[in-house]
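# Architecture and fold: a report
Residues per chain, in single letters:
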Amino acid sequence: MPDIIYTYFLQFLMFIEHLCSKYHHLGKLYYKFFYRGMIIKEMELVDLKPGEQVLHIGGGSFPLTAIHLALEGYKVQAIDRDGRAVRNARRVVEKWGLQDKIEVLNVDGLEVSGKAFDVIWISLHVYPKDEIIRRLINTLPPSGRILYRNPRG
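What this report covers is the structure whose coordinates are included nearby. Just so it is clear, the structure is predicted and the values come from calculations on it, not from any experiment. (Residues numbered from 1 in each chain as written. Predicted model: local features only at pLDDT ≥ 70, side-chain atom pairs only at ≥ 80, totals over all residues. Heavy atoms only, no water.)

### Considering a nonpolar patch on the surface
On the surface, a nonpolar cluster with roughly 330 Å² of combined accessible area is contributed by I4, I5 and Y8. Checked against the element boundaries, I4 lands in helix α1 (residues 3-22). Exposure remark for I4: the relative accessible area of 51% places this residue in the exposed category. (Patch = residues over 30% accessible without salt bridge, like charges linked within 9 Å, V, L, I, M, F, W, Y side chains within 5 Å. Areas by Shrake-Rupley, 256 points an atom, 1.4 Å probe, with all protein chains shown as cover. Salt bridge = Lys/Arg side-chain N within 4 Å of Asp/Glu carboxyl O. Helix = DSSP H or I, 4+ residues; strand = E, 2+ residues; numbered from the N terminus. Buried < 20%, exposed > 50% of the residue type's maximum accessible area, 1.4 Å probe, protein only.)

Following this line, the structure appears as structure tokens:
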């Protein structure tokens, strides 16, 4: 995908997720028809097991990955470097009643260690993804896994 198209696509997705963070019912539809199936497939890919610790980098304004995992019983730490997205995400988590399952922090993915996590999800829009993955690989426990989204599926 050419860089300019990719950039606009990511901006569009971030706009949609910002809207979903403001309009709860729109967010539920977005989750049901767009995200739910994708996250179920991703859970199978990483062979997520009960009790594993999950980090989601790039949670955004509407942290659907964290929400889905929390609904499945997992505790998730969702991080984003955008303070506005973090504030929105905290409100969304509260609306879904998942404050005891999801912790949302304002942290840059370059500053986090994978040491305390079994699985790390990295969202499509996270940058610089390659550098973040390299840093995380060096800190993950031996059984740790990283799942990252890319524009090629």
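### Observations regarding the side chain of K129
Within the fold, K129 resides in helix α5 (residues 129-137). Buried charged residue K129 carries no salt bridge. Nearest counter-charge: D130, at 7.6 Å. Those residues in contact with K129 that lie beyond four places of it in its chain are I122, S123, L124, Y148, R149 and N150. (Lys, Arg positive; Asp, Glu negative; His and termini not counted. Contact = heavy atoms within 4.5 Å.)

### Quick look at the sheet that holds strand β1 (residues 54-57)
Overall, parallel pairing links the 5 strands, which are arranged β3-β2-β1-β4-β5 in an open sheet. Strands at the two margins of the open sheet, each flanked by one partner only, are β3 (102-106) and β5 (145-148). Along the sheet, successive strands turn relative to each other by an average axial angle of 20°, direction set aside. Where β1 lies against strand β4 (residues 119-122), 4 bridges are found, and the strand directions are parallel. (Pairing = 2+ DSSP bridges. Axes fitted to C-alpha atoms, helices over the stretch in contact; angles between N-to-C directions.)

### Some details on helix α2 (residues 24-45)
For α2, the principal kink sits at Y35 and spans about 55°. Within α2, the full set of buried residues consists of G27, Y30, Y31, Y35, I39, E42 and M43. Positive backbone phi, at 50°, marks D47, one or two positions downstream of α2. (Bend = angle between axes of the 7 residues up to and from the residue.)

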